[in-house]
Amino acid sequence: MASIEPRWFTQKTRKNGNSNDLTSAIYTVCSSDILSECETAIRVITKAWLDSHGDPAVEAALSEASIIEGMLEVLFASNDGEILELIISILAEFVGKNEMIRQITLNYDPQLENFTRLLRSSTLFLKAAVLLHLSKPKAKQMISYEWVPLVLRVLEFGDQYQTLFRIRCSPQKAAIYFLDQLLTGFDEDRNLENARQVVSLGGLQILAKQIDCGDTHDRKIAALMMSCCIRADGSCRNYLAENLNVASILELMVLESRKNCNSSAFALLTDLLCLNGRTQVMEFLDRLNGGWSSLNTTHILLAYLLRAPPEEYPLAAAILLQLDLLGNTMECSVYREEAVEAMIRALDCQICNTKVQEQSARALLMLGGRFSYTGEPSIERWLLQQAGFHETAGDSFQTKEIVIDSFFMHSNEEEKATENWQRKIATVLFNSGNKRLLDALSDSIANGIPSLARASITTVAWMASFLHLVGDENLQFMACSILIPQLLQSLDSNKDPEERVLASYSLLSLLKSSERVSMLSSWDKELLGNLRNLSLITWTANELVSLLTSRWRHHQYLPK
């Protein structure tokens with residue numbers, strides 16, 4: 001056992017006439033190598049501590065490093081449940097308010113191997129979790145792969161407060177702290193590995209309950225943990241979308257917004273909307289539209305949008321717009337106008353930093369309405385496949401997800417739902433966004449960071465397919481006037497093949513919708529060269545060549 005005698009306590013207690021039994025017990029724990037003697041001494045020490053009612057002299061003596069180390073050694077050596085509970089309880093009294101004791105506790109078991117043994121206990125694991133939580137270990141000490149299942153057990157069964165002498169604490173609060181360390185405290189690979197283990201062990205069902213109750217901080221961490229699980233295994237968003245209480249997400253958004261902190265609830269909501277079936281998305285939006293308390297969801301989202309940090313602006317606008325479109329699109333809507341205005345501002349590459357542009361790209365792809373089973377945007381891949389761009393698309397588009405998504409890609413019901421959505425959102429964006437949105441998309445293709453530029457031309461590609469539904473010929477003409485010059489630049493042979501195919505697809509849709517082939521007369525030689533080169537990888541280029549040459553012959557514009 002610990003070899004240092006607590007001399008200061010011996011002198012102090014004798015001077016004050018304190019019990020010789022307590023003095024002897026402390027000496028035994030610090031110096032004896034006989035476990036049974038130390039266990040008996042622990043009983044004496046804990047009784048004396050409880051009888052002292054927090055006497056400062058007794059507390060000071062029991063806070064010495066030698067006695068703390070002695071009690072830890074008994075804790076990690078004994079198999080007597082009563083003794084273990086007494087030590088856990090008395091240490092809990094000191095660890096939470098004494099930094100030195102907290103450090104001694106963690107340093108005495110640097111890899112927390114002894115604590116994991118206690119967490120395996122069928123009777124003491126909740127109390128052990130509370131003590132360890134008070135010690136605040138970091139992820140670097142939690143390297144064993146046992147941690148995830150041990151912590152999930154605490155989270156599942158720790159719904160009742162544990163009383164350790166005068167300390168009263170929630171084991172679930174401890175478990176939330178440990179999960180935060182396990183899923184965010186390592187490097188990215190280990191964080192994701194731990195998150196996948198949470199999913200495989202059924203942890204989502206346990207986590208989903210945590211967002212309904214507890215204080216705001218713990219609910220925030222629970223939402224963050226679910227987002228971590230989604231990043232590790234995107235397919236689990238389907239389970240969460242069906243089983244989470246959406247009213248609790250909205251409530252947490254409101255609570256976090258009041259505290260002006262980054263919203264884990266909003267991040268989780270954004271993740272949940274990236275479902276691979278449009279019918280699933282619409283069902284989730286319908287549930288979400290039920291609101292929370294007396295507040296409707298669009299009001300909550302608008303209030304959040306108006307207070308959101310710039311990097312959350314685009315996604316908040318995209319979600320608000322989707323909710324608004326559940327209603328009658330023929331009626332004016334302040335929510336729609338605010339959402340579209342926010343999207344336009346977020347696309348301004350002159351004033352928006354890289355982080356905002358990255359989120360703007362995510363928002364545009366979300367509005368495209370197509371996602372893989374794991375939640376990755378698939379609208380670009382779908383458009384490229386529509387354009388016949390298969391063989392040269394390479395591994396980035398011929399992934400295993402194509403097999404996984406085959407049901408949804410070929411389901412008539414899903415295709416119809418997605419097309420109806422795109423038709424609806426495209427019409428609204430043309431009419432509400434008008435010239436400013438089209439200018440913003442064109443500018444983002446030219447000047448945005450690569451992810452935003454690609455998302456913008458992808459958005460133009462699927463929107464252009466529905467331009468013919470806009471009854472306003474002036475708007476059709478304006479759309480072509482703004483977009484065609486930029487799309488022609490994207491056809492240049494020095495651009496990525498994918499960008500060139502998307503540009504060709506967009507041009508064909510615009511020209512068919514508006515019959516504005518005459519706009520291209522000044523581009524004839526260079527344009528035909530680019531299109532003929534591109535015709536090797538997409539049928540849209542062949543059709544454009546045919547359309548243009550036929551029209552130019554008619555108007556005698558065909559180059560010699």
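What you are looking at is a predicted structure, and each value in this text was computed from that prediction instead of being measured.

Cut-off values and rules
- Residues numbered from 1 in each chain as written.
- Predicted model: local features only at pLDDT ≥ 70, side-chain atom pairs only at ≥ 80, totals over all residues.
- Heavy atoms only, no water.
- Helix = DSSP H or I, 4+ residues; strand = E, 2+ residues; numbered from the N terminus.
- Areas by Shrake-Rupley, 256 points an atom, 1.4 Å probe, with all protein chains shown as cover.
- Core = buried A, V, L, I, M, F, W, Y, C linked by side-chain atoms within 4.5 Å.
- Buried < 20%, exposed > 50% of the residue type's maximum accessible area, 1.4 Å probe, protein only.
- Contact = heavy atoms within 4.5 Å.
- Phe/Tyr/Trp six-rings, centres within 6.5 Å; stacked < 30°, edge-to-face > 60°.
- Lys NZ or Arg CZ within 6 Å of the ring centre and 35° of its normal.
- Axes fitted to C-alpha atoms, helices over the stretch in contact; angles between N-to-C directions.
- Nonpolar A, V, L, I, M, F, W, Y, C, P; charged D, E, K, R; others polar.
- Salt bridge = Lys/Arg side-chain N within 4 Å of Asp/Glu carboxyl O.
- pLDDT = per-residue confidence, 0-100.
- Parallel < 35°, antiparallel > 145°, perpendicular 65-115°, else oblique.
- Left-handed = near helix turned anticlockwise from the far one by under 90°.
- Disulfide = S-S within 2.5 Å.

Engineer: Give a description of the overall build of the protein that names residues and reports values.
Structural biologist: A count of helices and strands for the protein gives 31 helices and two strands. Of the roughly 24300 Å² of accessible surface on the protein, a fraction of 49% belongs to carbon and sulfur atoms.

Engineer: Outline the nonpolar core, supporting the account with residue identities and numerical values.
Structural biologist: In terms of nonpolar packing, the biggest core is built from 190 residues, with L75, L179 and L207 touching the most fellow members. Considering each element in turn, this core owes the most residues, 11 residues, to helix α26 (residues 412-447). Leaving out residues up to four positions away in the same chain, L75 has contacts with L84, I87, I88, L91, R117, L118 and L131.

Engineer: How would you sum up the side chain of S506? Please name residues and give values.
Structural biologist: Tracing the backbone shows S506 in helix α29 (residues 497-514). Leave out the neighbours within four places in its chain, and S506 touches I457, V460, A461, A464 and L487.

Engineer: Can you explain unusual backbone geometry? Please cite residues and give values.
Structural biologist: Although it is not a glycine, H53 sits at a positive phi angle of roughly 55°. As for its placement among the helices and strands, H53 is situated in the loop between α3 (35-52) and α4 (56-62).

Engineer: Account for helix α10 (residues 147-157), naming residues and giving values.
Structural biologist: Among all positions in α10, only W147, V148, L150, V151, L152, V154 and L155 are buried. Those residues of α10 hidden inside the fold are in contact with α8 (113-120), α9 (125-135), α11 (171-184), α12 (188-200) and α13 (203-210).

Engineer: Describe the packing of aromatic side chains, naming the residues involved and giving the relevant values.
Structural biologist: If you walk through the whole model with that rule in mind, you get six aromatic pairs. Both rings, one in W49 and one in F94, keep their centres 5.1 Å apart while their planes meet at 55°; by these two values the pair is tilted. Residue W49 is located in helix α3, and its partner F94 is located in helix α6 (residues 81-95); the two are separated by 45 residues in the primary sequence. By relative accessible area, W49 is classed as buried at 2%. An aromatic cluster is defined as three or more aromatic residues linked by ring pairs; in this entry it consists of F76, Y108 and F115. When the ring centre of Y177 is taken as reference, the NZ or CZ atom of K136 above it lies at 5.4 Å. R153 extends its terminal NZ or CZ atom over the ring of F125, reaching a point 3.8 Å from the ring centre.

Engineer: For the packing of α8 against α9, give the residues involved together with the corresponding values.
Structural biologist: The contact between α8 and α9 brings their axes to 7 Å, and the two run at 145°. Here F115, L118 and L119 of α8 lie close against α9, whose contacting residues are F125, A128, A129, L131 and L132. Here the residues of the contact of α8 with α9 are counted per class, giving eight nonpolar, no polar and no charged.

Engineer: Would you mind going over the pattern of salt bridges in detail, with residue names and values included?
Structural biologist: Tallied over the entire structure, the rule returns 22 salt bridges. A salt bridge links D215 to K173; its shortest N-O distance comes to 2.8 Å. On the criterion of sequence distance, the pair formed by D215 in the loop between α13 and α14 (216-232) and K173 in helix α11 is long-range, its members being 42 residues apart. By relative accessible area, K173 is classed as partly exposed at 28%. Among the charged side chains, a network of salt bridges with common partners joins R43, D80 and E82.

Engineer: Quick one: what's the story with the confidence of the model for the protein, residue by residue and with numbers?
Structural biologist: The share of residues in the protein with pLDDT of 70 or more is 89%, and the mean pLDDT across the chain is 88. Low confidence marks residues 2-17, where pLDDT is under 50. Its contacts with residues over four positions away, or in another chain, come to 30 contacts.

Engineer: Lay out the packing of α10 against α13 in plain terms, naming residues and giving numbers.
Structural biologist: Running from N to C, α10 and α13 cross one another at 45°; their axes reach a closest spacing of 10 Å. Classed by the angle they form, the pair α10 and α13 counts as oblique. For the element pair α10 and α13, the recorded crossing hand is left-handed. Contacts from L152, L155 and E156 in α10 reach G203, I206, L207 and Q210 in α13. Taken together, the residues of the contact of α10 with α13 break down into four nonpolar, two polar and one charged.

Engineer: Mind laying out the environment of M330, listing which residues take part and the relevant values?
Structural biologist: Relative to the helices and strands, M330 is located in the loop between α20 (313-324) and α21 (334-346). In this structure the C-alpha to C-alpha distance between M330 and V428, which are 98 residues apart in sequence, comes to 9.2 Å.

Engineer: Any chance you could break down the environment of M71 for me, citing the residues and the numbers?
Structural biologist: Structurally, M71 is set in helix α5 (residues 65-77). With 42 residues separating them in the primary sequence, M71 and V29 have C-alpha atoms 6.7 Å apart. Ignoring anything within four residues of it in the chain, the contact list for M71 reads V29, I42, L62, I87, I90 and L91.

Engineer: Describe helix α17 (residues 264-272), naming the residues involved and giving the relevant values.
Structural biologist: Within α17, eight of the nine residues are buried, which leaves the element mostly enclosed by the surrounding structure. Those residues of α17 not exposed but buried are S264, A265, F266, L268, L269, T270, D271 and L272.

Engineer: Talk me through the state of the cysteines; I want residue IDs and the actual numbers.
Structural biologist: Two cysteines whose sulfur atoms are joined by a covalent bond form what is called a disulfide. Counting across every chain of the model gives zero disulfides. Left unpaired, C228 is separated from the closest cysteine sulfur, that of C229, by 6.9 Å. The class for C228 is buried, based on a relative accessible area of 6%.

Engineer: An account of the environment of N289 is requested, with residue identities and associated values reported.
Structural biologist: Counting through the fold element by element, N289 comes out in the loop between α18 (278-288) and α19 (297-307). Note on N289: relative accessible area 33%, which makes it partly exposed. C-alpha separation for the pair N289 and L323, spaced 34 residues apart in sequence, amounts to 6.9 Å. When sequence neighbours within four positions are dropped, the list of residues in contact with N289 reads T297, T298, L323 and L326.

Engineer: I'd love a proper account of the side chain of K220, names of residues and values included.
Structural biologist: Mapped onto the elements, K220 comes out in helix α14. Assessed through its relative accessible area of 19%, K220 is described here as buried. Those residues in contact with K220, other than ones at most four positions away along the chain, are L252, E256, C261, N262, S263 and S264.

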